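The primary structure of each chain is shown beneath.
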Amino acid sequence: MTWGLGRVGARIVSLLPARADLVEMGRAPRRDLLAGLTVAIVALPLALGFGVSSGLGAEAGLATAVVAGALAALFGGSNLQVSGPTGAMTVVLVPIVGQYGPAGVLTVGLMAGVMLVALAGLKAGRYMRYVPAPVVEGFTLGIACVIGLQQVPNALGVPKPEGDRVLVVTWRAVEEFAKSPSWTAVGFAVAVAVVMLAGARWRPTVPFSVVAVAAATFVAQAADLDAAEPIGNLPSGLPVPSLSFLDLGSLGTLLAPAVAVAALAALESLLSASVADGMTVGQQHDPDRELFGQGLANIAAPLFGGVPATGAIARTAVNVRTGAASRLAALTHAAILAMIVFVAAPLVSKIPIAALAGVLLATAIRMVEVGSLRAMARATRSDALILVLTAVATLALDLVYAVVIGLAVAGALALRAVAKQARFDQVPLDRGDLPQAPGPARAGEIPSAEEHALLAEHIVAYRIDGPLFFAAAHRFLLELTEVADVRVVILRMSRVSTMDATGALVLKDAAEKLKRRGILVLASGIRPGQRQVLDAVGALDLLRHEGQEYATTPEAIRGARDHLKCAGILPALPAPEPRTISEEAVR
């Protein structure tokens, strides 16, 4: 018991911040502070926009950026990761808000945080590497489409229609706009998006999102445009932490949404951390610590009225490009946003919703990496199919289902490719394969040309290459049971790379069917791992002759010859001539 508690304690300690993290934050504080300021300027309109888009309001987005951003930076496994509300999480949250209300979203966030901490304790972070690139590219494309479509009602200046399917809501918003078009909101959204996209190509280091939103706010206030609806009043500070939103009676029904949120938070955060590693030299994130930090962030954010958070790829990329060297940059970003909440809340509340819609439209467009999509589509047909299916499922269903579908299709196609590598070829009986006794040749041990012809007529040998598992086993069974009228079948199994229970059962079935036809089945070169699974399903005895197992093909051919001689098909060996003992030998 003491040993078990010691291991748990050591595991918890390994997930906590270390002294090296503090030392790292003191190496380049000026670079980190400047990077944190830049990221905060970029993150402000995104936090407001994603808060509004989620259905909980701009204040929820800001609270998430501050609380989750600080905790994930402090306890996470990446030195450069920036966390907060994201478009991918918004896609998942919208239907939860529609079905369970704001309290349901906050409860789901807290439950998801606990799940993430548990995943960190189970060392589940390493499994992120098994997500195929086409799945990642596909759901990124799908997310970008969903984020863009979600902004259509705000960009058109119409109330958001009822519904939880983004395509249906978008169509209804377009119909509502067509009845009484108002171009003020459209102008703000399009102008902000154009300024952001054009500015990013002209001066990538300038935060044009803030410039465009500030200009839109000034114009809306100066012209007193009623159609430019502001985001509304923001609290001048963070709310007092509270658990009053918890509905213990609904925990059971909220379990499935919480699993979806936890899965997305883990996937997007680890993906973002991997992107940050790829943009730098010498940085390597700890996936389990990252899950732990995201778990704590998602436990705390709902207490302050925030939505579930993840690592944000766009903000993390800005952080890296502006020279961040440690966690101090992400902590600075959270601190500056907290100052804005306390100092500039009245000014922020005047930002037009249509301007934030323009920010998110531009963000959605910039999420689509055309070069990566083109390269993935050209790689193989399988990669293109996985990418398209994942993107369509994201748009038509939701992100978690899309990832599951993408992984399932990728797994099936991978198994199909591996199964195609399994080969089942007939090989000729070479004279070199035929057995001969060690030492001086005895009469009859080396077959004559006539006996070799008889052996080739009655014995057929097959070599199995590659994996013999469920995806390839039935094709093997079909080919083996169609063997022509011979007396012995030898299976050369030394090149079988892997075998599962299905492969062993199919082998057993084939041996039994051939045995009923009077055909003996022998095997050579069975490896220890294969022997175990063959023995477990009862197939090993069927591949032996009189209890003998053959290590090599010549030994198996010798056993086949003995069987044919007993059956009277091959002539029996002549008895060896008696030897006389010479006087020299006696001496």
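Each chain carries its own residue numbering, running from 1 in the direction its sequence is written. Residue-level local features of this predicted model are given only where pLDDT is at least 70; pairs of side-chain atoms are given and counted only at 80 or more, and the full residue set underlies all totals for whole chains, interfaces and linings. Note that water and hydrogens are dropped before the side-chain values are worked out from all heavy atoms of the structure.

Draft legend 1. Examining the nonpolar core more closely. To qualify as a nonpolar core, a set must consist of buried Ala, Val, Leu, Ile, Met, Phe, Trp, Tyr and Cys residues joined through side-chain atoms within 4.5 Å. Between buried and exposed lies partly exposed: a residue is buried under 20% and exposed over 50% of the maximum accessible area for its type, with that area taken using a 1.4 Å probe on protein chains only. Core analysis: the largest hydrophobic core is formed by 86 residues, its most contacted members being Leu48, Phe139, Val261 and Leu337. Secondary structure is summarised from DSSP: a helix means a run of H or I of at least four residues, a strand means a run of E of at least two, and numbering begins at the N terminus for each. With 15 residues, the top contributor of residues to this core is helix α5 (residues 87-121). In terms of nonpolar packing, the next biggest core, distinct from the first, is built from 28 residues, Leu480, Ala504, Ala510 and Ile519 among them.

Draft legend 2. Layout of the pairing of strand β7 (residues 520-524). Within β7, five of the five residues are buried, which leaves the element mostly enclosed by the surrounding structure. Residues Leu520, Leu522 and Ser524 point to one face of β7 and Val521 and Ala523 to the other, with burial holding for every one of them.

Draft legend 3. Geometry of the side chain of Thr553. For Thr553, the location among the structural elements is in helix α24 (residues 553-566). Accessibility expressed as a relative area gives 9% for Thr553, which makes it buried. Contacts are assigned to residue pairs that have any heavy atoms within 4.5 Å of one another. Other than its neighbours up to four places away in sequence, Thr553 contacts Arg492 and Ser524.

Draft legend 4. Summary view of helix α14 (residues 328-343). Compared with the 22 Å implied by 1.5 Å per residue over 16 residues, the 22 Å span of α14 between its first and last C-alpha is a close match. For α14, the secondary structure elements touched by its buried residues are α3 (29-54), α4 (58-75), β1 (83-84), α13 (313-321) and α15 (345-348). Helices are assigned an expected span. That span is 1.5 Å times one less than the residue count.

Draft legend 5. Expanded view of the packing of α3 against α13. Running from N to C, α3 and α13 cross one another at 165 degrees; their axes reach a closest spacing of 9 Å. The angle between the axes of α3 and α13 places the two elements in the roughly antiparallel class. The chirality of how α3 crosses α13 is right-handed. Contact residues: α3 offers Ala35, Thr38, Val39, Val42, Ala43, Leu46 and Phe50, while α13 offers Arg315, Val318 and Asn319. Grouping the amino acids of the contact of α3 with α13 by side-chain chemistry returns seven nonpolar, two polar and one charged. Fitted lines through C-alpha atoms give the axes, limited to the stretch in contact for helices. The angle between two N-to-C directions lies from 0 to 180 degrees. Should an angle fall under 35 degrees it is taken as roughly parallel, and over 145 as roughly antiparallel, whereas 65 to 115 is taken as roughly perpendicular and any remaining angle as oblique. In this scheme, a crossing is called left-handed if the near helix is turned counterclockwise away from the far one by less than a right angle; it is called right-handed if the turn is clockwise. Each residue is assigned to one of three groups, with Ala, Val, Leu, Ile, Met, Phe, Trp, Tyr, Cys and Pro labelled nonpolar, Asp, Glu, Lys and Arg labelled charged, and all others, Gly among them, labelled polar.

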